[in-house]
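Take a look at the letters that make up each chain.
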Amino acid sequence: MTESSFVTDYEAARELFARGDYREAGVLFLELVDRSALEPPLHGTTELRLYLARSYYHSAQLTRAEEILRAMLVDNPDDHYALLLLGRTLQRQSRHDEAKPHLAMAKLLGGYDIDGPELPGR
């Protein structure tokens, strides 16, 4: 990113995400998270980090998604969407037993329907 404004870059990253270009969106969201340490947005980095984790999840960068989500949950352990996404990320890595408590908390806190089809190890 050059000398563009934070808001312009944020909108560009969201547009890439909306178009399904998750890998490129992830690159921009990572830069925005890094920049936010120097230019803090008014509402913190939660939304940026969630978009970054979702970008990683959708582009199958599951280890990166897991790292971001675990860090988010240290800051806010009751974030039901981060819990859901962490559970789904672990499931995609065939770590079903590790996913269970995160999905159970997501269901409890956010009302998500996580029952769906029978999963291995249930």
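Just above, that's the structure.
Nothing here was measured: the structure is a model prediction, and the numbers come from that model.

A.B. asks: Would you mind going over the nonpolar core with me for this structure?
C.D. replies: Here is a general trend for soluble globular proteins: nonpolar side chains tend to be buried in one another's company. Judged by nonpolar contacts, the single largest core of 33 residues is most densely connected at Phe29, Leu32, Leu48 and Leu69. Among the elements of the structure, α1 (6-18), α2 (22-36), α3 (46-58), α4 (62-75), α5 (80-92) and α6 (96-110) are those that each provide at least two residues to this core. When residues in this core are grouped by element, the largest group, seven residues, is from α3. Not counting the four nearest positions on each side in its chain, phenylalanine 29 is found in contact with Tyr10, Ala13, Arg14, Phe17, Leu48, Tyr51, Leu52 and Ser55.

A.B. asks: Please explain the pattern of salt bridges as it appears in this structure.
C.D. replies: One side chain can pair with another of opposite charge once the charged atoms of both are near each other. If you walk through the whole model with that rule in mind, you get eight salt bridges. The partner of arginine 70 in a salt bridge is glutamate 66, with the nearest N and O atoms 2.9 Å apart. Of this pair, arginine 70 and glutamate 66 both sit in helix α4, four residues apart, which is roughly one turn of the helix. With relative accessibility at 11%, the residue glutamate 66 sits in the buried group. For glutamate 66, the salt bridge is made with arginine 95, and the minimal N-O distance between the two is 2.8 Å. Placement of the pair is glutamate 66 in helix α4 and arginine 95 in the loop between α5 and α6, with a sequence separation of 29 residues. Judged by its relative accessible area of 23%, arginine 95 falls in the partly exposed class.

A.B. asks: Would you explain the side chain of serine 59 in this entry?
C.D. replies: Within the secondary structure, serine 59 is located in the loop between α3 and α4. Taking relative accessible area as the criterion, serine 59 reaches 13% and is therefore assigned buried. Only 2.8 Å separates the side chain of serine 59 from the backbone oxygen of serine 55, close enough to count as a polar contact. If sequence neighbours within four positions are ignored, serine 59 has contacts with Tyr22 and Arg23.

A.B. asks: How should I be thinking about α3 in this particular structure?
C.D. replies: The periodicity of an α-helix, 3.6 residues per turn, causes residues three or four positions apart to be oriented the same way. The terminal C-alpha atoms of α3, which comprises 13 residues, lie 18 Å apart, in line with the 18 Å expected from a rise of 1.5 Å per residue. Taken residue by residue, α3 has Leu48, Arg49, Leu50, Tyr51, Leu52, Ala53, Ser55, Tyr56 and Tyr57 as its buried positions. Count one or two residues on from α3 and you reach alanine 60, which has phi positive near 60°.

A.B. asks: Would you explain the packing of α2 against α3 in this entry?
C.D. replies: In a pair of packed helices, the angle between the axes and the distance between the axes together describe the arrangement. Put simply, α2 and α3 touch, their axes get as near as 8 Å, and they point 155° apart. With respect to their mutual orientation, α2 and α3 come out roughly antiparallel. Classified by chirality, the crossing of α3 by α2 is left-handed. Here α2 contributes Tyr22, Ala25, Gly26, Phe29, Leu30, Leu32, Val33 and Ser36 to the contact with α3, which in turn contributes Leu48, Arg49, Tyr51, Leu52, Ser55, Tyr56 and His58. Partitioned by chemical class, the residues of the contact of α2 with α3 number ten nonpolar, four polar and one charged.

Calculation criteria
- Residues numbered from 1 in each chain as written.
- Predicted model: local features only at pLDDT ≥ 70, side-chain atom pairs only at ≥ 80, totals over all residues.
- Heavy atoms only, no water.
- Core = buried A, V, L, I, M, F, W, Y, C linked by side-chain atoms within 4.5 Å.
- Buried < 20%, exposed > 50% of the residue type's maximum accessible area, 1.4 Å probe, protein only.
- Helix = DSSP H or I, 4+ residues; strand = E, 2+ residues; numbered from the N terminus.
- Contact = heavy atoms within 4.5 Å.
- Salt bridge = Lys/Arg side-chain N within 4 Å of Asp/Glu carboxyl O.
- Polar contact = N/O pair within 3.5 Å; in protein donor to acceptor, adjacent residues only side chain to side chain.
- Expected span 1.5 Å × (residues − 1).
- Axes fitted to C-alpha atoms, helices over the stretch in contact; angles between N-to-C directions.
- Parallel < 35°, antiparallel > 145°, perpendicular 65-115°, else oblique.
- Left-handed = near helix turned anticlockwise from the far one by under 90°.
- Nonpolar A, V, L, I, M, F, W, Y, C, P; charged D, E, K, R; others polar.

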